[in-house]
Amino acid sequence: MDRIMNGLRKILIAGAVLLANGVTGGWCAMAQGLDGVWTGKLELGGGRSLKLVLHVSEADNSVLMDSPEQSAYGLTGENVSLRNDSLSFEIPNLRMSYSGTRKENLITGTFRQNGFSLPLSFEPGEVKPERPQTPQPPFPYTQEEVRIENKAANATLAGTLICPENCTTSTPVVVLVTGSGLQNRDEEVFEHKPFAVIADYLARNGIASLRYDDRGYGESTGEVLTATTADFAQDAQAVVEWLRRQGRFGKVGIIGHSEGGQIAYMLGAAGETDRTDGTTGATNASPGAPDYIISIAGPSVKGTKTIAYQNRTALQRSGTPEKYLDDMQKAVEQVFEYKLKNPDITSISDEVMTGLYPGWDEDMVTRQFTAMLRQSVMEKPSNDWMVWFLNYDPAEDMRRLKIPALIIYGEKDTQVPPSLNSEPARRALPAAQIKTYPGLNHLMQHATTGYSDEYATIPETISPEVLADIRNFILAR
């Protein structure tokens, strides 16, 4: 849920290195012997590291830098200086520079960014991460490239429809809906492809699926700068309607991850307004309504609560003493709520701050926290997506659901933790199957810490137990 993590960014990063997409520039000619791929590991402290990869082409006089664990590729530098076996370059947009000297098969040097300096060495070659669950041909099913129009939004959704062997009009089909942040149809992150893994597994078990690139991403088109979760829900609805018009499948369900889980709640609840017989089928429902839903790590509480918890986790990890955390979590939630009720304000008085966070001026720790809270929340304009997310309470839609629902959480999830979400989900939707898996993170991987910087280091893409439970739930319908 990348966009959820943007509130209080300074607190969240806690000194970590930031690498952005889309930086352009030019490189000077490279020295002999540096042609090829070089890989380094930047040690950030606290057990955290960041893999960086250089692609050097002497023929083209070019070097590209990747940060695979941040999904940043093709970063191009400027102001390269080469003398003998020494290399230095800058990426001004990131306020980053590197200088190093090659000796035999090692470039040893210093990485600098935002006033911080860290040692960084590069070795020749690149080790691709192990991803054993990524589907490999030959495939015992058919794959069709499809284009689906959401005419109301002037968007075209490009996707892949998978039909298992012996597919009939009674074969169930699911629509896979990604989490927040623009993603491709595989929901690819850190070279993991969870939606491709799910679709492959389901097809091998007699279940069809349709997954698509988010609007404005990959091969899909459509406006994204002002799009909210409601707009992305409209896209998912268009896909469900398209599947029903084909007349090729049986019941149509939705599998949504993270923000996609909320979209599943929204479409399921919207369909209930059209049901007339009280059943859980789709016969009397809107053609865009699902027959069943599966929410994987979908929030069940209001967005302000999710943001507050995520910031508590970040503060705790950055070393903030435990005695402050409860009050700081409550302060984040209340300040966001205040901003939502007063969207035009650009500053906050000490008097108001005292009402929202009584201990804001007690000591240096609280004063530093409050300064960052004010700057991040009050002085920076909020985008449409964030405003919508902060205001949305999924429990309102969950209470209206009458269709079968499977709700899944990972016990180590630090983005949508079950400690915050599972009990509200049970209250709002008591008839649902709700399960928390020990040891799993937000991506449903078996994890050690559950933090997002661990995702890339885990070979597993998604727990086999989760896959089996999803299959069983669908086939039981």
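Everything numeric in this text was worked out from a predicted model, so none of it was measured.

Colleague: With reference to specific residues and values, describe the overall build of the protein.
Modeller: For the protein, the helix and strand inventory stands at twelve helices and 17 strands. Expressed as a percentage of the 477 residues in the protein, the buried residues total 54%. In the protein, the share of contacts with a sequence separation of at least 24, taken over all contacts with a separation of at least 6, comes to 68%. Carbon and sulfur atoms make up 48% of the accessible area of the protein, which totals about 20,800 Å².

Colleague: So what's going on with the side chain of Thr 370? Which residues, and what values?
Modeller: Position of Thr 370 relative to the elements: it lies in helix α8 (residues 364-378). Contacts of Thr 370, omitting those with residues within four sequence positions, involve Met 353, Tyr 357 and Trp 360.

Colleague: Run through unusual backbone geometry, naming residues and quoting values.
Modeller: Note the cis peptide between Pro 137 and Pro 138, where omega equals 5°. Tracing the sequence through the fold places Pro 138 in the loop between β9 (116-124) and β10 (141-150). In this structure, Met 444 is a non-glycine residue whose phi angle is positive, near 70°. Take Met 444: it is sitting in the loop between β17 (433-437) and α12 (464-475). Note on Met 444: relative accessible area 0%, which makes it buried.

Colleague: So what about the nonpolar core? Which residues, and what values?
Modeller: The biggest cluster of nonpolar side chains holds 66 residues, and the ones touching the most others in it are Val 175, Leu 210, Leu 243 and Ile 407. With eight residues, helix α6 (residues 322-341) is the single largest residue contributor to this core. Leaving out residues up to four positions away in the same chain, Leu 243 has contacts with Leu 161, Val 173, Val 175, Leu 210, Phe 249 and Val 252. Membership of the second largest hydrophobic core comes to 25 residues, among which are Ile 198, Tyr 292, Ile 408 and Ile 462.

Colleague: Any chance you could break down α12 for me, citing the residues and the numbers?
Modeller: Compared with the 16 Å implied by 1.5 Å per residue over twelve residues, the 17 Å span of α12 between its first and last C-alpha is a close match. Within the sequence span of α12, burial applies to Val 466, Leu 467, Ala 468, Ile 470, Phe 473 and Ile 474. Contact partners of the buried residues in α12: β12 (173-177), α2 (194-203), β14 (252-257), β15 (292-296), β16 (405-410) and β17.

Colleague: Could you give an account of the pattern of salt bridges, naming the residues involved and the relevant values?
Modeller: Under the defined criterion, the tally for this structure stands at 19 salt bridges. In this structure, Asp 235 engages Arg 215 in a salt bridge whose closest nitrogen and oxygen atoms are separated by 2.8 Å. You can see Asp 235 sitting in helix α3 (residues 229-246) and its partner Arg 215 sitting in the loop between β13 (208-212) and α3, a full 20 residues away along the chain. Pair check on accessibility: Asp 235 and Arg 215 agree, each one buried. A network of salt bridges, in which partner residues are shared, links Glu 145, Arg 147, Arg 185, Asp 213 and Glu 219.

Colleague: Describe in detail the packing of helix α5 (residues 303-317) against α6, supporting the description with residues and values.
Modeller: In the contact formed by α5 and α6, the axes pass within 8 Å of each other and the chain directions differ by 145°. Taken as a pair, α5 and α6 cross one another with a handedness that is right-handed. Along the contact surface, α5 presents Thr 304, Lys 305, Ile 307, Ala 308, Tyr 309, Asn 311, Arg 312, Leu 315 and Gln 316, while α6 presents Glu 322, Leu 325, Asp 326, Met 328, Gln 329, Val 332, Glu 333, Phe 336, Glu 337 and Leu 340. A breakdown of the residues in the contact of α5 with α6 according to their chemical character gives nine nonpolar, four polar and six charged.

Colleague: Hey, could you go over the pairing of β17 for me, with residue numbers and the actual values?
Modeller: Judged from the five bridges that link them, β16 and β17 form a sheet pairing that is parallel. Counterpart to Gly 410 in the pairing with β17 is Tyr 437.

Colleague: Give a description of the packing of aromatic side chains that names residues and reports values.
Modeller: Across all of its chains, the model carries eight aromatic pairs by this definition. Measuring from centroid to centroid gives 6.3 Å for Phe 190 and Tyr 455, while their planes differ by 55°, and the two rings are tilted. Of this pair, Phe 190 sits in the loop between β12 and α2 while Tyr 455 sits in the loop between β17 and α12, and the two are 265 residues apart along the sequence. Accessibility expressed as a relative area gives 4% for Tyr 455, which makes it buried. Between Tyr 292 and Phe 473, the ring centres sit 6.2 Å apart and the planes meet at 75°, which makes this aromatic pair edge-to-face.

Colleague: An account of α8 is requested, with residue identities and associated values reported.
Modeller: The terminal C-alpha atoms of α8, which comprises 15 residues, lie 20 Å apart, in line with the 21 Å expected from a rise of 1.5 Å per residue. Every buried residue belonging to α8 is among Thr 366, Phe 369, Thr 370, Leu 373, Arg 374, Ser 376, Val 377 and Met 378, and all of these are buried. Between the side-chain oxygen of the N-cap and the backbone nitrogen of Val 365 there are 3.2 Å, and the N-cap of α8 in question is Asp 363.

Colleague: I'd like a rundown of the confidence of the model for the protein, residues and numbers included.
Modeller: When pLDDT is averaged across the protein, the result is 88; 89% of the residues are at 70 or more. Below pLDDT 50 for its whole length, residues 2-32 participates in 110 contacts with residues either more than four positions away or in separate chains. Confidence over residues 274-284 falls short of pLDDT 50; this stretch has 20 contacts with residues more than four positions distant or in other chains.

Colleague: Describe the sheet that holds β16, and please don't skip the residues or the numbers.
Modeller: One open sheet accounts for eight strands, arranged β10-β11-β13-β12-β14-β15-β16-β17; its pairing is mixed. Each edge of the sheet is formed by a strand with only one pairing partner; in this case those strands are β10 and β17. Averaged over all adjacent pairs, the angle separating strand axes in this sheet is 20°, with direction ignored. Looking at chain direction, β15 and β16 are connected through four bridges and run parallel.

Definitions and cut-offs
- Residues numbered from 1 in each chain as written.
- Predicted model: local features only at pLDDT ≥ 70, side-chain atom pairs only at ≥ 80, totals over all residues.
- Heavy atoms only, no water.
- Helix = DSSP H or I, 4+ residues; strand = E, 2+ residues; numbered from the N terminus.
- Buried < 20%, exposed > 50% of the residue type's maximum accessible area, 1.4 Å probe, protein only.
- Contact = heavy atoms within 4.5 Å.
- Areas by Shrake-Rupley, 256 points an atom, 1.4 Å probe, with all protein chains shown as cover.
- Core = buried A, V, L, I, M, F, W, Y, C linked by side-chain atoms within 4.5 Å.
- Expected span 1.5 Å × (residues − 1).
- Salt bridge = Lys/Arg side-chain N within 4 Å of Asp/Glu carboxyl O.
- Axes fitted to C-alpha atoms, helices over the stretch in contact; angles between N-to-C directions.
- Left-handed = near helix turned anticlockwise from the far one by under 90°.
- Nonpolar A, V, L, I, M, F, W, Y, C, P; charged D, E, K, R; others polar.
- Pairing = 2+ DSSP bridges.
- Phe/Tyr/Trp six-rings, centres within 6.5 Å; stacked < 30°, edge-to-face > 60°.
- Polar contact = N/O pair within 3.5 Å; in protein donor to acceptor, adjacent residues only side chain to side chain.
- pLDDT = per-residue confidence, 0-100.

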